[in-house]
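# Close look at the chain arrangement
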Amino acid sequence: MEISENIKKYKSELPPNVKLCAISKTKPNEDILEAYRAGQRIFGENKIQEMTDKQEELPDDIEWHMVGHVQRNKVKYMAPFVSLIHAVDSLKLLKEINKRAKQNERTINCLLQIKIAEEDSKFGISAEDAKEILDSEAYSKMNNVKIIGLMGMATFTDDEDMVNSEFSNLKNIFDDFKKDYPDLTELSMGMSGDYKIAVKCGSTMVRIGSSIFGARNYN
Ligand SMILES: *Cc1c(COP(=O)(O)O)cnc(C)c1O
């Protein structure tokens with residue numbers, strides 16, 4: 001299927017409260033433009049350099065999301081334009097984002113990445129560590145970052161029960177946090193292979209790459 005048809009398919013299929021973040025990593029600008037012409041405005045990348053290069057060339061009304069692991073020394077390159085950072089996993093990183101956002105006279109929205117999968121390869125922090133960040137005096141003094149939700153990645157497996165229980169676990173953490181932090185509105189979970197389960201479990205934002213743009217070629 002064409003990229004534009006895929007975008008239309010997801011837009012009609014996803015419930016209205018679930019945002020679609022089209023993951024365009026490794027894909028050329030012409031592919032992004034095809035999705036853009038079909039009405040897509042939120043794009044996600046996992047490398048800061050690649051996202052910055054694309055942002056310079058592509059329309060200004062694209063909302064750029066950083067979904068990958070963030071190195072602190074590279075935050076400055078995306079601080080002028082990034083609209084949501086999905087994978088914040090430390091207070092130190094949050095401090096750097098706050099500093100760079102301030103230099104750019106902006107507020108940058110962030111999600112805390114919670115580790116819900118068993119795989120060691122997945123990044124993220126525990127619910128306890130996330131709560132510690134939200135409760136910290138340091139965060140309360142940051143005027144240029146705003147934590148607006150949580151993000152998580154399920155184990156890469158065909159075992160749907162396992163994926164379901166990991167996403168349900170994250171949804172429970174999210175609901176629990178929301179009682180104390182009403183600013184938390186976004187729950188980023190679900191990719192090409194598991195977004196249907198994620199949506200059933202209460203995702204508000206799915207991150208879909210290969211089923212929109214085709215398989216990635218890393219060469
Ligand atoms: C690449 C990536 C995705 C999209 O993965 P697909 O399986 O291609 O949909 C989603 N989230 C993150 C964090 C990613 O790095």
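These lines cover the structure that appears in this document, whether it is placed above or below. Model, not experiment: these values are computed from the prediction.

## Description of the site of the ligand
Around the ligand, the neighbouring residues are I23, K25, V67, M151, M153, M191, S192, R207, I208, G209, S210 and R216. Contact distances for the ligand include 2.8 Å between an oxygen atom and a backbone N or O atom of S210. Contact between the ligand and R216: an oxygen atom at 2.8 Å from a side-chain N or O atom of the residue. Burial of the ligand by the protein chains amounts to 90% of its free accessible area of 390 Å². At a threshold of 2 Å from the grid points, most atoms of the ligand map onto the largest pocket. In terms of residue class, the shell around the ligand is made up of six nonpolar, three polar and three charged.

## Some thoughts on unusual backbone geometry
For T26, which is not a glycine, the phi torsion comes out positive at approximately 70 degrees. Residue class for T26 comes out partly exposed when judged on its relative accessible area of 28%. Backbone geometry places E105, a non-glycine residue, at a positive phi of 55 degrees. Relative to the helices and strands, E105 is located in the loop between α5 (91–103) and β5 (108–113).

## Quick notes on the side chain of S188
Along the chain, the position of S188 falls in strand β7 (residues 186–188). Judged by relative accessible area, which is 0%, S188 ranks as buried. A polar contact of 3.0 Å, which involves the side chain of S188, links it to the side chain of H86.

## A short note on the packing of helix α6 (residues 127–135) against helix α8 (residues 160–180)
Their axes nearest at 12 Å, the elements α6 and α8 cross at an angle of 20 degrees. In terms of their interaxial angle, α6 and α8 are classed as roughly parallel. Two packed elements cross with a definite hand, and for α6 against α8 that hand is right-handed. Across the interface between the two elements, A127, A130, K131 and L134 of α6 pack against I173, D176, F177 and D180 of α8.

## Considering a negative patch on the surface
A cluster of like negative charges, contributed by E128, D129, E132 and D135, occupies part of the molecular surface. Tracing the chain through its elements places E128 in helix α6.

## With respect to the layout of surface pockets
A volume near 790 Å³ is recorded for the largest pocket. Forming the boundary of the largest pocket are 30 residues, of which K122, M153, A154, F156 and M191 lie nearest the centre. Its residues assigned to classes, the lining of the largest pocket shows 11 nonpolar, 11 polar and eight charged.

## Things to note about α5
With 13 residues, α5 ought to run about 18 Å at 1.5 Å a step, and its terminal C-alpha atoms sit 18 Å apart, in line with that. Elements that come into contact with the buried residues of α5 comprise α4 (75–78), β4 (84–88), β5, α6, α7 (137–140) and β6 (145–151). Immediately beyond the C-terminal end of α5, within one or two residues, lies E105, with a positive phi of roughly 55 degrees.

## Describing the packing of aromatic side chains
Tallied over the entire structure, the rule returns two aromatic pairs. With a centroid separation of 5.3 Å and 75 degrees between ring planes, the pair formed by Y10 and Y195 is classed as edge-to-face. You can see Y10 sitting in helix α1 (residues 3–13) and its partner Y195 sitting in helix α9 (residues 195–200), a full 185 residues away along the chain. Positioned above the aromatic ring of Y10, the side-chain terminus of K9 is 4.5 Å from the ring centre.

The rules behind these values
- Residues numbered from 1 in each chain as written.
- Predicted model: local features only at pLDDT ≥ 70, side-chain atom pairs only at ≥ 80, totals over all residues.
- Heavy atoms only, no water.
- Near = heavy atom within 4 Å.
- Polar contact = N/O pair within 3.5 Å; in protein donor to acceptor, adjacent residues only side chain to side chain.
- Areas by Shrake-Rupley, 256 points an atom, 1.4 Å probe, with all protein chains shown as cover.
- 1 Å grid on protein atoms, 1.4 Å probe; cavity = no way out; pocket = protein on both sides within 12 Å on 5 of 7 lines; lining within 4 Å.
- Sits in = over half its atoms within 2 Å of the grid points.
- Nonpolar A, V, L, I, M, F, W, Y, C, P; charged D, E, K, R; others polar.
- Buried < 20%, exposed > 50% of the residue type's maximum accessible area, 1.4 Å probe, protein only.
- Helix = DSSP H or I, 4+ residues; strand = E, 2+ residues; numbered from the N terminus.
- Axes fitted to C-alpha atoms, helices over the stretch in contact; angles between N-to-C directions.
- Parallel < 35°, antiparallel > 145°, perpendicular 65-115°, else oblique.
- Left-handed = near helix turned anticlockwise from the far one by under 90°.
- Contact = heavy atoms within 4.5 Å.
- Patch = residues over 30% accessible without salt bridge, like charges linked within 9 Å, V, L, I, M, F, W, Y side chains within 5 Å.
- Salt bridge = Lys/Arg side-chain N within 4 Å of Asp/Glu carboxyl O.
- Lys, Arg positive; Asp, Glu negative; His and termini not counted.
- Charge placed at Lys NZ, Arg CZ, Asp CG, Glu CD.
- Points joined across faces, edges and corners; volume = space filled by probe spheres on them.
- Expected span 1.5 Å × (residues − 1).
- Phe/Tyr/Trp six-rings, centres within 6.5 Å; stacked < 30°, edge-to-face > 60°.
- Lys NZ or Arg CZ within 6 Å of the ring centre and 35° of its normal.

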